[in-house]
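# Inside the fold
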Amino acid sequence: MPRLYTPSSQMTRRRALALGAAAGALTVSTRHAGAVVRLDVTQGNFQPLPIAIPTFLPGGDGDADTAMGVTQIITANLKGSGLFLPIDPAAFVENIASVDKVPNFPDWRTINAQALVTGRVTRQSDGRLKAEFRLWDVLAGQQLAGQQYFTTPDNWRRIAHIISDAIYERLTGEQGYFDTRIVFVDETGPKNRRIKRLTIMDQDGANVRYLTRGDELVLTPRFSPSTQEITYMAYGQGDPRVYLLNIETGQREVVGNFPGMSFAPRFSPDGQSVIMSLQEGSNANLFVMDLRSKATTRLTNTQAIDTAPCYSADGKQICFESDRGGQPQIYVMAANGGPAQRISFGEGIYSTPVWSPRGDYIAFTKQYANKFAIGVMKPDGSGERILTEGFHNEGPTFAPNGRVIMYFSDDVGSPGPRLFTIDIAGRNQQRVPTPSFASDPAWSPLLS
Amino acid sequence: MRPGLTISCIGHAAALALGLVAISAQPSQAPPVQSLPVQFISDKDFSQLTQGVKNAPKPKADTPKPLADKIDAPKPVDQLAPKVADKPEIKTETAAAKPQPKSEPKPADKPDKPKTPDYKPDQIAQLLKKDAAKQPPKPQEKPQDKPQRDAPKFDANQVAALLDHREPRRQMAAAEALNDQPNLGAAAGAAAQLSQSEIDALRARISQCWNPPAGVEATSKLYVVLRVQFKPDGSLARDPVPVEGTPSALGPALAESGKRALLLCQPFTMLKPEHYEQWKDLELKFDPQELLGG
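Residues numbered from 1 in each chain as written. Chains lettered and ligands numbered in written order. Predicted model: local features only at pLDDT ≥ 70, side-chain atom pairs only at ≥ 80, totals over all residues.

### Examining the overall build of chain B
This is how it is decided: Secondary structure elements follow DSSP: runs of H or I of four or more residues count as helices, runs of E of two or more count as strands, with numbering from the N terminus. Residues with at least 20 other C-beta atoms within 10 Å of their own are called buried, those with 12 or fewer are called exposed, and the rest are partly exposed. The C-beta atoms themselves are positioned from the backbone. A residue pair is marked as a contact if its C-beta atoms, positioned from the backbone, fall within 7 Å.
Regarding its fold elements, chain B presents 13 helices and 3 strands. Counting only residues that meet the buried cut, chain B has 26% of its 294 residues in that class. In chain B, 79% of the contacts between residues at least 6 apart in sequence involve partners at least 24 apart.

### A short note on the overall build of chain A
The helix and strand inventory of chain A stands at 4 helices and 31 strands. Looking at chain A as a whole, 43% of its 448 residues are labelled buried. Of all intrachain contacts in chain A linking residues separated by at least 6 positions in sequence, the fraction that spans at least 24 positions is 43%.

### As for the nonpolar core
All names here are of chain A. To keep things clear, this is the line we draw: For our purposes the nonpolar core covers buried Ala, Val, Leu, Ile, Met, Phe, Trp, Tyr and Cys residues that link as a set through C-beta atoms within 7 Å.
Of all hydrophobic cores here, the largest spans 135 residues; its most connected members are Ile51, Val70, Ile362 and Ile405. Here this core gets 9 residues from one element, more than from any other, and that element is helix H4 (residues 156-172). Filtering out sequence-adjacent residues up to four positions away, Ile51 remains in contact with Leu78, Phe84, Leu85, Pro86, Ile87, Ala113, Gln114, Ala115 and Val117.

### Re H4 of chain A
All names here are of chain A. Stated precisely, the cut-off is as follows: Helix span, expected: 1.5 Å multiplied by one less than the number of residues in the helix.
For H4, with 17 residues, the first-to-last C-alpha span of 24 Å sits near the 24 Å given by 1.5 Å per residue. Burial analysis of H4 places 14 of its 17 residues in the buried class, which makes it a mostly covered element. Taken from the residues just after H4, Gly173 is the one with a positive phi, measuring 80°.

### Examining the pairing of strand E9 (residues 195-202) of chain A
Side chains on a regular strand alternate between the two faces of the sheet. Residue and element names in this part refer to chain A. Definition in use: Any two strands are treated as partners once DSSP identifies two or more bridges connecting them.
With 6 of 8 residues buried, E9 lies mostly within the body of the structure. As defined by bridge partners, strand E8 (residues 181-188) adjoins E9 across 8 bridges and the pair is classed as antiparallel. Residue pairing in the sheet places Glu187 in a bridge with Lys196 of E9. Between E8 and E9, which follow one another and run antiparallel, lie 6 residues, and Gly189 among them has a positive phi close to 85°. Sheet topology places E9 next to strand E10 (residues 209-210); 2 bridges connect them, and they run antiparallel. For Ile200, the partnering residue across the bridge sits in E10 and is Arg209.

### Structural notes on the packing of helix H11 (residues 196-209) of chain B against helix H12 (residues 251-265) of chain B
All names here are of chain B. The condition that has to hold: The axes are straight lines fitted to the C-alpha atoms, using for helices just the contacting stretch, and the angles between their N-to-C directions are given from 0 to 180°. Should an angle lie under 35 degrees it is considered roughly parallel, over 145 roughly antiparallel, and from 65 to 115 roughly perpendicular; all remaining angles are considered oblique. The crossing is said to be left-handed when, going from far helix to near helix, the turn is anticlockwise and less than a right angle, and right-handed when the turn is clockwise.
In contact at an axis separation of 8 Å, H11 and H12 are set at 110° when each is read in the N-to-C sense. Taken together, H11 and H12 sit at an angle that is classed as roughly perpendicular. Once H11 is placed against H12, the crossing between them reads as right-handed. Residues Arg205, Ile206 and Cys209 of H11 touch H12, and the partners they reach there are Ala261, Leu262, Leu264 and Cys265.

### Here we look at helix H2 (residues 64-80) of chain A
Residues and elements named next belong to chain A. Here H2 contains 17 residues, and its C-alpha end-to-end distance of 24 Å stays within 8% of the 24 Å for a straight helix at 1.5 Å per residue. Regarding H2, the residues found buried are Thr66, Ala67, Val70, Thr71, Ile73, Ile74, Thr75, Asn77 and Leu78. The secondary structure elements touched by the buried residues of H2 are strand E2 (49-52), strand E3 (57-58), strand E4 (84-86), strand E5 (115-123), strand E6 (129-137) and H4. Following H2 by one or two positions, Gly82 has its phi on the positive side, about 80°.

### As for the packing of H2 of chain A against H4 of chain A
All names here are of chain A. This is how it is decided: Here the nonpolar group is Ala, Val, Leu, Ile, Met, Phe, Trp, Tyr, Cys and Pro; Asp, Glu, Lys and Arg are the charged ones; every other residue, Gly included, is treated as polar.
Their axes nearest at 9 Å, the elements H2 and H4 cross at an angle of 45°. With respect to H4, the axis of H2 lies oblique. Relative to H4, the crossing made by H2 is right-handed. Taken together, the residues of H4 that come into contact with H2 (itself represented by Thr66, Gly69, Val70, Ile73, Ile74, Asn77 and Leu78) are Trp156, Arg157, Ile159, Ala160, His161, Ile163, Ser164, Ile167 and Tyr168. When its residues are assigned to classes, the contact of H2 with H4 shows 10 nonpolar, 5 polar and 1 charged.

### Remarks on the sheet that holds strand E20 (residues 317-322) of chain A
Residue and element names in this part refer to chain A. Here 4 strands make up an open sheet; going across it, the order is E19-E20-E21-E22 and the pairing antiparallel. The sheet terminates laterally at strand E19 (306-311) and strand E22 (337-342), the two strands that pair on one side only. When the angles between neighbouring strand axes are averaged without regard to direction, this sheet yields 30°. Here E19 pairs with E20 via 4 bridges, running antiparallel. When the sheet's bridge partners are listed, Cys310 is paired in E20 with Cys319.

### Observations regarding the sheet that holds strand E16 (residues 273-280) of chain A
Pairing between sheet strands relies on hydrogen bonds along the backbone, with the strands arranged either parallel or antiparallel. All names here are of chain A. Pairing is antiparallel across the open sheet formed by 4 strands, whose spatial order is E15-E16-E17-E18. Two strands in the sheet have a free side with no partner beyond their single neighbour: strand E15 (262-267) and strand E18 (296-298). Shown here is a sheet whose adjacent strand axes are inclined to one another by a mean of 30°, direction ignored. The pairing of E16 with strand E17 (residues 283-290) spans 8 bridges and is antiparallel. Bridging across to E17, Val274 finds its partner in Met289.

### What to know about the pairing of E17 of chain A
All names here are of chain A. Two successive antiparallel strands, E16 and E17, enclose a turn made up of 2 residues, where Gly281 displays a positive phi of approximately 65°. With 3 bridges connecting them, E17 and E18 associate as antiparallel partners. Its bridge partner being in E18, Val288 is matched across the sheet by Thr297.

### Focus on the confidence of the model for chain B
Residues and elements named next belong to chain B. The following threshold applies: The predictor's confidence in any single residue is recorded as pLDDT, a number from 0 to 100.
Of the residues in chain B, 41% have a pLDDT of 70 or more, and the chain-wide mean is 66. Long-range and interchain partners of residues 94-119, a stretch whose pLDDT sits below 50, account for 39 contacts in this model, where long-range means more than four residues apart. Here the predicted complex carries an ipTM of 0.72, next to a pTM of 0.68.

### A short note on the confidence of the model for chain A
Averaged over every residue, the pLDDT of chain A is 87; the share at 70 or more is 92%. Here helix H1 (residues 7-34) of chain A stands out as the element of chain A with the lowest mean pLDDT, 39, in contrast to strand E21 (residues 329-334) of chain A, whose mean of 95 is the highest.

### Considering the environment of Ser268 of chain A
Residue and element names in this part refer to chain A. Following the sequence through the fold, Ser268 ends up in the loop between E15 and E16. Separated by 45 residues in sequence, Ser268 and Ala313 have C-alpha atoms that sit 8.9 Å apart. Excluding residues that lie within four positions of it along the chain, Ser268 makes contacts with Ser273, Ile275, Tyr311 and Gly315.

### Concerning the environment of Val332 of chain A
Residues and elements named next belong to chain A. Tracing the backbone shows Val332 in strand E21. The spacing of Val332 and Glu321 is 11 residues in sequence and 8.8 Å in space, taken between C-alpha atoms. If near-sequence neighbours (up to four positions away) are discounted, Val332 is found in contact with Gln317, Cys319, Ala340, Gln341, Ile343 and Pro379.

### Considerations on unusual backbone geometry
Between Gln266 of chain B and Pro267 of chain B the backbone carries a cis peptide bond, its omega angle lying at -5°. Looking at where Pro267 of chain B falls in the secondary structure, it is placed in the loop between H12 and helix H13 (276-279). Notably, Asn207 of chain A is not glycine yet its phi reads approximately 55°, a positive angle. By the element assignment, Asn207 of chain A lies in the loop between E9 and E10. The backbone phi angle of Thr220 of chain A is positive, close to 45°, even though this residue is not glycine. Relative to the helices and strands, Thr220 of chain A is located in strand E11 (residues 217-223). Thr220 of chain A gets classed as buried once you count the C-beta atoms within 10 Å, which come to 22.

Quick look at the structure:
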């Protein structure tokens, strides 16, 4: 009878087994070098972090109000982000008597606080305001951050925003967005005779300042990366034109001198140029103008309306809206022009694309089935996600950290539009307080 | 009418009488069923039983195994083999090979899954064969060689002698250590002692308590490894220390979130004190990628 296995094949198998055993021993020896057993934790719960923010201590007799105000702003900012859960001060066990002393952590653990903020506000002899804070990890019993800031007393709100950002950054690991401003179009008066004024305010709705008088129509204001300048479109008697406005000086100038309408302006990430649409007959194409040399470069040349251009964070690409395919859709192309690639393919009309400062998403307005939605998609068009939809939602703008989007919304029965924020996961929708109706918001970069 | 009734009565009476006789003649007991020894084992014991370690010594053919085996297992093979040999028309290799794999694994697998293949062939080879050629130690090769050579030398007396060897095995199975001899297998690390259920329970508890920092993104591929030392009661012996991680501005926030999870949820009572040596010092890798769908 024939043998099924020849001696040579046996040898091979035996050798293979021996080799395998040797390899096994080798693996084990390296494992022994590591010695400690390793486990993977890949699941968790995203929950608001419970944080205790006792009222900041006043350094002197007249500082109590400011200290209270700073505490309230920090609490409101952190709560508004949706990522923190400020604990009701009525539950506090320990009464913080000094910012320089280590808190009694068990007292804070009993009320389930995981982070604790202590601080003090002092008006100094030179008239400046000193604000200091410490951020504590209650469970680990460690200080996570500690800073002090000096400013003029009327700037106390900004100090509170800066402290909020420091706490936010330390605990979430990403940049904050509280020390920022919003420019928007303030709308007053009856619907058929609206007065529209360019307005600026802090992101929390404080310090409202009107930048134009309301004698002309203003649209699409956008911040420069310097945060000192705004570009926007306005029209009074003549054609709509793109303007540049210095917030501090109030100085205003027309961007370029073009024969037709110029509209939908936006700064490049370096702030050196403005990209916009210029009317050419019944079409519109994209142009970029260098603000120093005033040289204008054409980027598109189509028999369609190309508008709403926006640079990517690195300035290498542009996303824009075009109806070259029949109806408005979003396209992406290189910053110096060339072939454009359509990225929106869903049902309906896509408009007002805006690139996240983080670079990971493009936000847009989508119109379909008699609804307006605000959504995000990846720059290659994948992963489209609708964040909110309604009767009329429009004009998304990103917070500098790319986590939160602000937009304006007009309900069916509403007499006018209002501002809202929502995070890019579609959670934590919040109304932004404005003095009256508001539209076309633009979020500034961080001020500091 | 009347004869019909009479016939019916007689017929029924006869059937009844026959039935009584027939039923009473049957033994009323059920055939005695041989009882099977059953042992309840915990999941931990099972994971130990099936556990292998990579540095186990290679099984040697010559050394007699202290754990005796189901030596009777090969019997059916021996009986089957001659049948195959009897048929003159089956001469191809494939035909000879076919019946062996079918019959061989069955008796081998049933009584003792992890161990039988190691011992049985050697014993058979030594006891049944006077052949000068030594058998290779590998169990897979045996079945092919054996029936061809062993079949004519089959001796019922020798098999009976082998059956005596079952005694030590039973004692071993009832002993405290289920697997006192390491055998080759996958290196699943500490599972040899620290059971999978304990590990899973620990992991589930930590996951419940872990609130990853909001800044983590699916694209960032961020993780951190914390070295955690426990007290015997399952609480932390000292603060967890980051030992490895992706360099990032987000790193500290991620490490602290893991630390908070451990501090918040200690003590971890699912870790059994008898395994303390295994879990007193662990490395926990906090990796939010799966959570973010990355």
